[in-house]
Each structure stands twice: as structure tokens, then as C-alpha cells.
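# Remarks on the overall topology
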Amino acid sequence: MNRDLTVGKAETVLWRFCLPLFGSIVFQQLYNIADSLVAGKFIGENALAAVGNSYEITLIFIAFAFGCNMGCSVVVSQVFGAKEFDRLKTAVSTACIFSGVVCAALMLAGIGGCDPLLHLMRTPEEVFADSKLYLDIYIWGLPFVFFYNIATGVFSALGDSKTPFYFLAASSVSNIAVDILFVKTFRMGVAGVAWATFLCQGISCILAVLSVWIRLTKIQCRKKPALFDRELLKRILVIAIPSILQQSFISVGNILIQSVINGFGASVMAGYSAAVKLNNLVITSFTTIGNGISNYTAQNFGAGKCARIKEGFLAGIKLVWCFCIPFCAIYLLAGKYLLLLFMEKGSGAALLTGRQFLWILSPFYFVVSTKLVADGILRGISAMRQFMAATFTDLILRVLLAFLLSDLTNSALGIWCAWPIGWTVAMAISVFFYRGKTKNYT
């Protein structure tokens, strides 16, 4: 069901819209968590390290899919808020054409470029082959990743956050079952983990795209919409390119950080692989809520209801902080038991690495979630230069400090301390830009 986000109390509207988005991203993260969990429990510590190592490279591909998602979602939200239904359909088809071209280019680059990246990351020899195998299979599933992201972007733009939730819930649960089947029963190793994800993402993508097509056919237009529009493509690119750059540079930064982590051996890699999955569950959840706030902001911006944008910021802070409290408490008090889900045995170095990571980062979830709410509003009003400035500040600080502090402490502990510092500085910048851009909104 399509939903108008420009009417009703801002707090109520955002809760109803963002809660299914939160549920969706929890199930989305189950893909990656299931891969690592099955690899660690049924194959071994090196397999867990290999899947976690490969994950940092897959984030580059996901960054491009995410950028296409946001470009499509924000522009479709704006034209939907303005009731321009002809241009809405054209925006969707334009985004699909653009995404298809980007996906094809990435597949070509990925086929020949993963080996050098794995070497750049100083991937240990004992996990190199499995990392490469996982990536080779993942690349062939990129069309599913891209077009699923476009479909979910359209649903969100139309105010429907429940349909993607249903798809992801079914697909993620299926992925866990197929993971176990391929690895434990068929003994396919890391390849089984990759093929399970490929299969389940493919089915989810096909169903989501069909649902979008059916939804769009029900929207009445005054005239036949064009298949492609250069002006709409430019508007999509204004959002998509900075979002792609943001996520890509974060991914490159994570690869550089991973290269530092890899220098401490497979046990530290395995501990980090498990802990970062738990951390990414939280950060990606907050990012997705921020994306929902972007849709809310874009619809109200398109409808000329700018006063509601400020209301959305305060409501968004309340929303994300309500999630920060349980996540922080669970990771601080029960992080050990969550990490053991990924490991057949509680390897001393691996377990200590994961616990230290969670202890240092989780109290700062209140900080990074505030940044992501402010970023969501900046993106919704197309203030992309300000959005990029805050993002790059966070990234540059985290990468530089990871190298510096790991040398000073001669341990991975210094790397984990880089995250809170980067988050805090970037949050201050994002909130400053948000206040500057919205000070005249009445």
C-alpha cells in the first residue's frame, strides 16, 4: 500500500514507516550473519576469516547498489509527494536503466579485480583461496543485488515499508536453511555459503521486481510515461553519485583497515569478522532508518511542507535512541555469548578480539545514530555536499587513526578506538550542517 508521509503527526508517521524498515534490515543482515555463522560453526575458523575478509570487498559492490537505491528512492519520493505520477514511472524506468549499466560495468571489473584487492588487503595464504572462491560466486549474483535495491527503493519512496520486510523475512530464513543444507549436508564448504546467498537473493529479487511492476501498473497517469528522461537521470545522479562515493570510500577505508587487522593473524581476523557482523547489524539498521527519514523528508520537501522536516529530526532521534539502549546493553553484557554463535570453540584470541571491539564501540551508538538521522535529512533535501563532508571526515579519521593507533599500541585494540573518534567528530559536523540548512524552515 502506498502511503503519503506528508500528513499526520511526524513521530507517528516515522514510527509506522521506519519500524518495518528496521525489521527488513535485520533480516537483510541475517544473510551475512548466517554466512559467517555457518562458516565458523560447520567449516572452521579459517572459513569464518575468509568470509569476513571477502565481505569487505562485497561492500564495494553493495555501495553502488545502495547509491542507485537512494538516487531512485529520493527522486521518486519527491515526484510522488508532488503528485507527478507520469514522471514517477519515468523515474523508476530511468533508474533501472542506469542501474543495469552500472551493474554490468562492476561485474566486468570484479571478474578481474578481486585478486589484486585480496593481495592489497594482505590476505593470509590460508584464507586466500576461500576468499577468492566466495567472491567469484558473489559477483555473478550482482544483478539480483542491484535490482532488488531498486525495487525496495521504489517501495520506500511510495511510503510502503512493509512489502520489502515480507520479502526479506522469507528470503533470509530460507538462506539460513539453505546455508546449512549446502555446507553441513552437501559438504560444499565456503562455496555452499556463497551459492546459498546467490539462490535466495535471486528469488527475492525476482519477486520484488514483479511486485513493483504490478504496483506501478495500478497508478493512473494522464499520458503514457517516457521510458527514459535525462533531467530525471540528472536528479538521480545528484543523489546517487555522492551516495555511491560515500559508501565506496567507506568500503575502501574498511579494506585498508582490514589490511591492518590481517597483519595480526587469522585468530584476530576471525574475532573481528564475528564482531563486525554484530556491529554492522546495528549500523546498517540505523542507516536504513536514516534512509526512511530521507524518504519522509523528500516527500515533505516535494510537497513544500518544510516545517515537518524539523519535526522529523526530533522524532528520528527518539526512534534511533530507543534502539541504541537494548543494542548497547546486550553487546556490553552478553557479547561473549553472541560471538560464540560464530565459533565452534571459544578461541582465546578470537573471542577476546570480538569482545574488545564490542565493548569499545557499543556505547557510541547514540553518537553515530544521531549523525545518521541528520544525514538522512540532508540527503532528503538534496544537500549532498554537506552530507559528503561529514561522511569523509568520519572515514578519513577512522582510517588514519587505525594505522596510527595500531602502531602506537602494537595491537588491534588501537584500531577499535578509531571508530568512536571518527563518529563523534562527524556527528558534530552533520548536526551543524542540518541546523544550517533547516534554520529557515517554518
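Calculation rules
Residues numbered from 1 in each chain as written. Predicted model: local features only at pLDDT ≥ 70, side-chain atom pairs only at ≥ 80, totals over all residues. Heavy atoms only, no water. 1 Å grid on protein atoms, 1.4 Å probe; cavity = no way out; pocket = protein on both sides within 12 Å on 5 of 7 lines; lining within 4 Å. Points joined across faces, edges and corners; volume = space filled by probe spheres on them. Helix = DSSP H or I, 4+ residues; strand = E, 2+ residues; numbered from the N terminus. Nonpolar A, V, L, I, M, F, W, Y, C, P; charged D, E, K, R; others polar. Phe/Tyr/Trp six-rings, centres within 6.5 Å; stacked < 30°, edge-to-face > 60°. Buried < 20%, exposed > 50% of the residue type's maximum accessible area, 1.4 Å probe, protein only. pLDDT = per-residue confidence, 0-100. Expected span 1.5 Å × (residues − 1). Axes fitted to C-alpha atoms, helices over the stretch in contact; angles between N-to-C directions. Parallel < 35°, antiparallel > 145°, perpendicular 65-115°, else oblique. Left-handed = near helix turned anticlockwise from the far one by under 90°. Contact = heavy atoms within 4.5 Å. Disulfide = S-S within 2.5 Å. Salt bridge = Lys/Arg side-chain N within 4 Å of Asp/Glu carboxyl O.

### Focus: empty space enclosed by the protein
Taken as a whole and assessed by the stated rule, the structure comprises 2 cavities of 30 Å³ or more. Its volume calculated, the second largest cavity comes out at about 50 Å³. In terms of lining, the second largest cavity is formed by Tyr134, Ile137, Tyr138, Gly141, Val145, Ala194, Thr197, Phe198 and Gln201. Looking at the lining of the second largest cavity element by element, the count peaks at 4 residues for helix α7 (residues 190–217). For the lining of the second largest cavity, the residue count by class is 6 nonpolar, 3 polar and no charged.

### Focus on the packing of aromatic side chains
The tally for this structure, following the rule as stated, stands at 18 aromatic pairs. For the ring pair Phe313 and Tyr434, a centre distance of 4.1 Å and an interplane angle of 20° mean the geometry is stacked. Within this pair, whereas Phe313 is found in helix α10 (residues 307–340), its partner Tyr434 is found in helix α15 (residues 418–438), the two being separated by 121 residues in sequence. Given a relative accessible area of 10%, Phe313 falls into the buried group. Take Tyr434: its relative accessible area is 6%, and that puts it in the buried class. Ring centres of Tyr331 and Tyr365 lie 6.2 Å apart, and the angle between their planes is 75°; on these two criteria the pair is classed as edge-to-face.

### Focus: unusual backbone geometry
Although it is not a glycine, Lys83 adopts a positive phi angle of roughly 65°. Mapped onto the fold, Lys83 is located in the loop between α2 (45–81) and α3 (85–120). The class for Lys83 is partly exposed, based on a relative accessible area of 43%. Phi is positive for Asn410, close to 55°, though the residue is something other than glycine. Following the sequence through the fold, Asn410 ends up in the loop between α13 (384–409) and α14 (413–416). Residue class for Asn410 comes out exposed when judged on its relative accessible area of 65%.

### Details of the confidence of the model for the protein chain
With 97% of its residues at a pLDDT of at least 70, the protein chain reaches an overall mean of 86. Mean pLDDT across the secondary structure elements of the protein chain bottoms out at helix α1 (residues 10–43), with 77, and peaks at helix α12 (residues 365–380), with 93.

### Considering α12
In this model α12 runs 22 Å from its N-terminal to its C-terminal C-alpha over 16 residues, within 8% of the 22 Å that 1.5 Å per residue would give. Immediately beyond the C-terminal end of α12, within one or two residues, lies Ser382, with a positive phi of roughly 65°.

### Digging into the packing of α2 against helix α8 (residues 230–262)
At a closest axis distance of 8 Å, the pairing of α2 and α8 adopts a crossing angle of 160°. Between α2 and α8, the angle is such that the two are roughly antiparallel. Classified by chirality, the crossing of α8 by α2 is right-handed. Partitioned by chemical class, the residues of the contact of α2 with α8 number 18 nonpolar, 13 polar and 2 charged.

### Section: the environment of Ala298
With respect to the secondary-structure elements, Ala298 resides in helix α9 (residues 266–302). Taking relative accessible area as the criterion, Ala298 reaches 0% and is therefore assigned buried. Each C-alpha atom, one on Ala298 and one on Ala104, is 29 Å from the other, the two residues being 194 residues apart in sequence. Leaving out residues up to four positions away in the same chain, Ala298 has contacts with Val74, Ser77, Gln78 and Gly380.

### As for the state of the cysteines
Taken as a whole and assessed by the stated rule, the structure comprises 0 disulfides. Free of any disulfide, Cys205 has its nearest cysteine sulfur in Cys103, 9.6 Å distant.

### Some thoughts on the pattern of salt bridges
Throughout the structure, instances matching the rule amount to 9 salt bridges. The partner of Lys132 in a salt bridge is Asp115, with the nearest N and O atoms 3.8 Å apart. Within this pair, whereas Lys132 is found in helix α4 (residues 125–140), its partner Asp115 is found in helix α3, the two being separated by 17 residues in sequence. Across the pair Lys371 and Asp375 runs a salt bridge whose closest N-O atoms are separated by 2.4 Å. One end of the pair, Lys371, and the other, Asp375, are both in helix α12, 4 residues apart, so they sit about a helical turn from each other.

### Digging into the packing of helix α11 (residues 348–361) against α15
Helix-helix packing is described using two parameters, namely the angle between the two axes and the distance between the axes. With their axes 9 Å apart at the nearest point, α11 and α15 run at an angle of 25° to one another. In terms of orientation, α11 and α15 fall into the roughly parallel class. The chirality of how α11 crosses α15 is right-handed. Contacts between α11 and α15 involve Phe357, Ile360 and Leu361 from the former and Trp419, Pro420 and Trp423 from the latter. In terms of residue class, the contact of α11 with α15 is built from 6 nonpolar, no polar and no charged.

### Digging into the layout of surface pockets
A volume near 370 Å³ is recorded for the largest pocket. As for the largest pocket, its lining consists of 16 residues, and the residues nearest its centre are Lys89, Val92, Ser93, Trp213 and Leu216. For the lining of the largest pocket, the class distribution of residues is 13 nonpolar, 2 polar and 1 charged.

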